[in-house]
Each structure stands twice: as structure tokens, then as C-alpha cells.
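Read off the chains here:
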Amino acid sequence: MARVLVAKTGLDGHWRGVLAVATALREAGFEVILLGMATTEEIVAAAEQEDVDLVGLNVGGHIAVVERIIEGLRARLPDLPVIAGGTIAPWVVERLAELGVPSFPPGSRLADVVTAARNAVGESTKQ
Amino acid sequence: MEKSASGIGLKGVYGPDDVRCGTGSEQPGHPPFTRGAYEEMYRSQPWRIFQLSGFGNPEDEGARIRFLLDHGETGFIMEHDRNIADHLYDVDHREVVARREDVGLVGAVLLSVDDFDTVLQGIALDEVYAHPGGGVVQHGPFALASYWTVALERGYQLQQLAGTGQSDFFLTYLGCITKQQIPPSVGLRLNCDIIEFCEAHLPRWVPVSIAGYNGADSGLDSVQELGAVFANSIEYLDEMQRRGTVPLERVAQRVGGINLRVGLDLFEDAAKLRAARRIWSRLLRERYGITDTRASKLRIHSLTAGSSMRYQQPLNNIVRGTIMALAGVLGGTQSLGVSGYDEAISIPSEHAHQMSIRVQQILQNECNLTEVSDPLGGSYYVEALTEALDERATTFTSEILEQGGFVSALDSGWLHGVAAENQLTELRDIESGAKRIVGVNVATEDDSPFVVDGFQGSSDAWERGMERITALRAERDSHRTGDALKALDLACRSNGNVMPPMMDAVASRATVGEIGGVFRAAFGDWNVPIRF
């Protein structure tokens, strides 16, 4: 069973979206580790300790914070895929795509998130 | 069978047999206030145009507030940075430093009373109606004390000030759960301290405002929103009855200013405001024996559902905002906030904010909506909805009381479970097409020439905050600040009211993070009960 770490990048505590996505991933067969609000160091440490196949980031804030987390993950776990969701402006969706991170703004279908998660895990070297 | 947004079965047409009591002999401004809080309603006073605003540096927030007031806003709500305010962290707290670029994106960075003073430059504090922030419970005492201290330092008397606090349990413990937060039982204590302090010093101030909005936008339906709001008010009334420090009629008047969400089920949402007033009037009479009309007249602030604003085809949201606003007006709201059309992307741009005001001005000036009170009164359908909401919400209040009361239902995670289940059902219904949304799963082609990029605000809010806090710590009388924080700590650990020492701490230039440090040491953290 593929393992996915789900974390919030910011300190904005709106949780309904991230819980819905985590629930959908679990129902789709993923083993979900819900980390909550976490810093770069905490996310990287948890990804290593939990030996996850995928990281899902709930993005609510500035792209620079997300970029720092992605850099931190890639420095330690270069093959670990990342996907993102949240209140993501159209230009941020494009920027994340350039970084190889598929992202899902409001109005995205949970089924599409699950598909992207499956594809990401399929592409990772662990599978 | 077709259903309303909260699950009330709907017939194809309604008639006299569908209404049990109706409101035939009722008048607005008289118990049970179903038809309105005031006799003349909008003929005597239009609803207050009351928008959330704030981002970046204190100067940015002040400029936006003055922009909104210049464009017709008749009260203002200060929005604070969530990293700083909701958590009571200073800008140099490690959790904030780790996310420094986020700082200022969704609210202003207000670290001390001096920053409040900067925001409020050019505003005559005896002439405005203010909501200084403090939506999150642990931030309420600091935000209120800071606003009041600015006024005192400018030579105003506290009794001259008009406005509202919030300190909302729905936001704090259900909708927007922070990394660190004082437990709900402590929140109840602080809120009752604020009620006592306002009773003693601020006759024109609403001390706390129960915001069902935050429950509804976290997943509660209209029935559950109403039921939970009154379960919350019962906590305040019971605790203040136990304290015995303020006459209960006065407490009821103080907490009888609430906040509800108005959504897109036009008639149900209008009926919700009618039902809310009726339930409050009956609750006070039956549970507390209060019949004083100043107390039993519920005043309502309405806010359009942010979660109904869509990312796709964002200009459509102007229409959605208008319809939701209309629900509040038809229901007899006292004040109204309309979400920005860019709500699903960012905090409002200046233009989106202006549009939220223009929507309200069109409703006030062009639609003849202000001349007749309770225009839906006597509609078989609306009266039936009002009765159904009243009955079902009252049942939901009883269910919460069976859980041990509102605070227990939050502490146990029971209410979170209800909200999360609704939320997932709604997402699935949108995905399956059972719930149709234009631009999302209906009419998805978009030829709009307008691009809505999302408002970014200022990029130096964290750096500027670091500069201010460094200077403040160097310049203030640190002995005075230290003594004031010690006195606050003592009050927190005793049964005393925290507000007088909070006023002293704020006046001594204690920072938001230092006050948070006192709270964390004295009260500890809430154990968040969200199950997964």
C-alpha cells in the first residue's frame, strides 16, 4: 500500500479541504499520514521517518514557502514526488507545474487528485 | 423529494395548510421578533456595510480601511495576520520565521498597541463603528485592549466607543484551528471576562459575537448553524449566571449580537434570520425567564458564504454575492459583509472590495428594499421554512446539550465530525453533478476577457515587523512591561478578570507574542480533537 504524507505549509488553520483530500486518498487505498501544520524540517523528517511514497502539500500561503519545502524535500529525497492543493492562484499553479508539482486549486475534483496521486506514485522509483 | 440546503423536504407549492402558526398578528420590533428586530427596520436605519479588511503592514491596513470608508463602508473590521494574531506569536517566533513570506498575506501584522495606532491614523474613534479583530478567542483580549488603549491615549473615554469584539468559538475551535490555542474552557472564561469589562466600561460595545458563519462555512448546515449558535449562547449565559457579577438581562443584551452565514438557498437563508430571532426570544423567556425586549431583540450581522465563491469564472461571484446579500436583507440583517469576487483566490483586491460595497449600495438605493419590513412575511413557503428551521435547530441545540454542552461538543470533536461529514458529502455531490455549480460542473467554458490573478499585498511585512519589534523592545520601559506581564500572569492563574491587567500590559507596550507567552504558560494548549 502506497504511503502518503499530507501536511499544511502555513499557519492558517482552515482544515476542511485538507481533511477531505486526506479522506479521499485513504478511501482510494493510500495509507495517509496526516501531519498538520509543519515546517520544512518537520516535513522532511516525517517523510524520511515514515518512508512515504508521496507528499501532499496543502498550500495556503506564499509560493516562496512552498518552494523552500520542495527544495528541502528534493535535497534529501530527490525521487519523492510532491503534489499540492489549496487556495492556489492561477500563476502559482503554473509555477508549481514548472517545478514538477501538479496542483489542485479550489473546485478540483477529488477523483482527479486521487488520479494524480496514483500517477505520481507509479512514476516514483519506489514502485 | 427535493430538499433545501439544510435538508428540509420541499413541496412544489405551499399553501395555508403548510403553516402552523405563521406571523399574522406579529409586528416587527416586538416579541418574538420573527419579523424584525426594529419596528421601522431599514426606514429608520439602513443595514451597516461592514467588510473584513486588512493585509501587510499597519499602514497598508489603515489605507485600505480609509479607502473602504471613503467608498461607503459604514463600519470597519480589522483583519490580522494569522501567523501572528491567531497564534499570539511575535514575528521572530520560530514558527513564523519558518514561513516569513506568508506573513501579511491575509491580514495585517499588528504586534503592539503602536501598530494599532498606525492603522487608525486619521480615523475619529468616537464617530466610527469598529471591529478591531480578535476573531480567534485567545487574540480577543489583546485586540480589544489595544484598540481601547489607542482611544484612551488619544483622549477619548471608553464609554464613547462603539463597536464589537468577536472571540468566536466557531472560528477558533471548529473552522480555523491553530497550531497552539488555549483550551475552550479557558476561552469561555476570557470571553466572560470581556463581557464583565464591557458592562463596567463600554456601554456601546458588543463584547463577544457568536459567529455561526464560521461553523456554517466549516460544514454545518443552516439547521446545525442555528442550533449550535444558541448552544454557544447558553454557555455564556449559564457561566455568567454562575458568576452572578452582571444582571442576566444585561448579559443577554450583550451576547444578543450574533453573526450568521447567508448562502445561496435564498429563501432558506432569509428564513434562517427570522427563525434565529424567534428562537432567541423564546430561549431567553423559557430558560432564563428574561422578557426584557432590549435583551430578547436579537441583532444579526450577516456575511455571504465565502465557500460559495468559486475559483472558476470568478466574476460570476459578483452575482452570487448579490443573491446571498439579498437573503440577508430579506431576512432583516443589521449589518452585512459581501465576500469579494476573488474570494477563492486571495483576500480581496481593492476593486473586489469596492464591488462588495457597490453590491450593497445598489441593494440599498435602487431596489426599493428598504421601505417595507419583513417583505417575505406571510409567504406560505417562507413561513413554513421558518417554522421548520426553528423546530429542527431547537432539536439540534438539545443534541449538543446532550453532548454536555457546546464546549464539550467542541472538546470531544463531536461537532467536527458533523461538519466534516457534511463537507465530504457536498464535495461528492459536486463531483457527481448532484449539486450543480456554474463554471465548476455546469457551463464550464469560459470566454471572459478578465483575468483575476489574486491579490498579493505587500512583500515586506515580515521584515518591517522585525524592525518595529526590535525598536520597540529597545525603546520601551522594560521594567514596566515586565511588571505588567507578571500582573497579567497572576490574573490568569487566579480567578480575577484578565482585562484590567491586559489593558496595563498593552499600555506598557507588551507585544502580542509576549502576551501569548503568558497565556501558554498559564493555560497550556488545547488538544485538538479532529479525528482522521
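Residues numbered from 1 in each chain as written. Chains lettered and ligands numbered in written order. Predicted model: local features only at pLDDT ≥ 70, side-chain atom pairs only at ≥ 80, totals over all residues. Heavy atoms only, no water.

## Thoughts on the packing of aromatic side chains
Residue and element names in this part refer to chain B. Overall, the coordinates contain 17 aromatic pairs over all chains when judged by the stated rule. A ring pair is formed by Tyr42 and Trp47, whose centres lie 5.1 Å apart and whose planes are at 70°; its orientation type is edge-to-face. Of the residues examined, Trp47 reaches a relative accessible area of 1% and is grouped as buried. Note on Phe169 and Tyr236: the rings are 6.1 Å apart at their centroids and 80° apart in plane angle, and the pair reads as edge-to-face. Of this pair, Phe169 sits in helix H6 (residues 169–175) while Tyr236 sits in helix H9 (residues 222–243), and the two are 67 residues apart along the sequence. Connected via pairs of aromatic rings, a cluster forms that spans Phe169, Phe170, Tyr173, Tyr236, Phe406 and Trp526. (Phe/Tyr/Trp six-rings, centres within 6.5 Å; stacked < 30°, edge-to-face > 60°. Buried < 20%, exposed > 50% of the residue type's maximum accessible area, 1.4 Å probe, protein only. Helix = DSSP H or I, 4+ residues; strand = E, 2+ residues; numbered from the N terminus.)

## Section: a nonpolar patch on the surface
Taken together, the side chains of Leu264, Val319 and Ile323 of chain B define a hydrophobic patch exposed on the protein surface, amounting to about 230 Å² of accessible area. Note on placement: Ile323 of chain B falls in helix H13 (residues 316–330). (Patch = residues over 30% accessible without salt bridge, like charges linked within 9 Å, V, L, I, M, F, W, Y side chains within 5 Å. Areas by Shrake-Rupley, 256 points an atom, 1.4 Å probe, with all protein chains shown as cover. Salt bridge = Lys/Arg side-chain N within 4 Å of Asp/Glu carboxyl O.)

## A closer look at the interface of chain B and chain A
Think of interface size as the accessible area that goes away when the parts come together; that is how it is often given. Across the contact, 44 residues belong to chain B and 39 residues belong to chain A. Summing both sides of the interface, chain B and chain A together bury roughly 3400 Å²; the carbon and sulfur share of this comes to 58%. Our count for the chain B to chain A interface comes out at four salt bridges. Close ionic contact of Glu101 of chain B with Arg68 of chain A constitutes a salt bridge, the shortest N to O distance being 2.8 Å. At the boundary of chain B with chain A, the tally comes to 18 residue pairs in polar contact (both at pLDDT 80 or more). (Contact = heavy atoms within 4.5 Å. Buried area = accessible area lost by both parts, 1.4 Å probe. Polar contact = N/O pair within 3.5 Å; in protein donor to acceptor, adjacent residues only side chain to side chain.)

## A few points about the pattern of salt bridges
Going through the model one piece at a time under the given rule, you end up with 46 salt bridges over all chains. Of the charged contacts, one joins Arg95 of chain A and Glu67 of chain A as a salt bridge, the two residues approaching to 2.6 Å between their closest N and O atoms. Note that Arg95 of chain A is positioned in helix H4 (residues 90–98) and Glu67 of chain A in helix H3 (residues 63–76), a separation of 28 residues in sequence. You can call Arg95 of chain A partly exposed: its relative accessible area is 28%. Residue Glu383 of chain B pairs with Arg274 of chain B through a salt bridge whose shortest N-O separation is 3.0 Å. Of this pair, Glu383 of chain B sits in helix H15 (residues 380–402) while Arg274 of chain B sits in helix H11 (residues 266–288); the two residues are 109 residues apart in sequence, bridging distant segments of the chain. For the pair formed by Glu383 of chain B and Arg274 of chain B, the shared burial category is buried. Linked by salt bridges that have partners in common, Arg189, Asp193, Glu196, Glu239, Arg242 and Arg243 of chain B make up one network.

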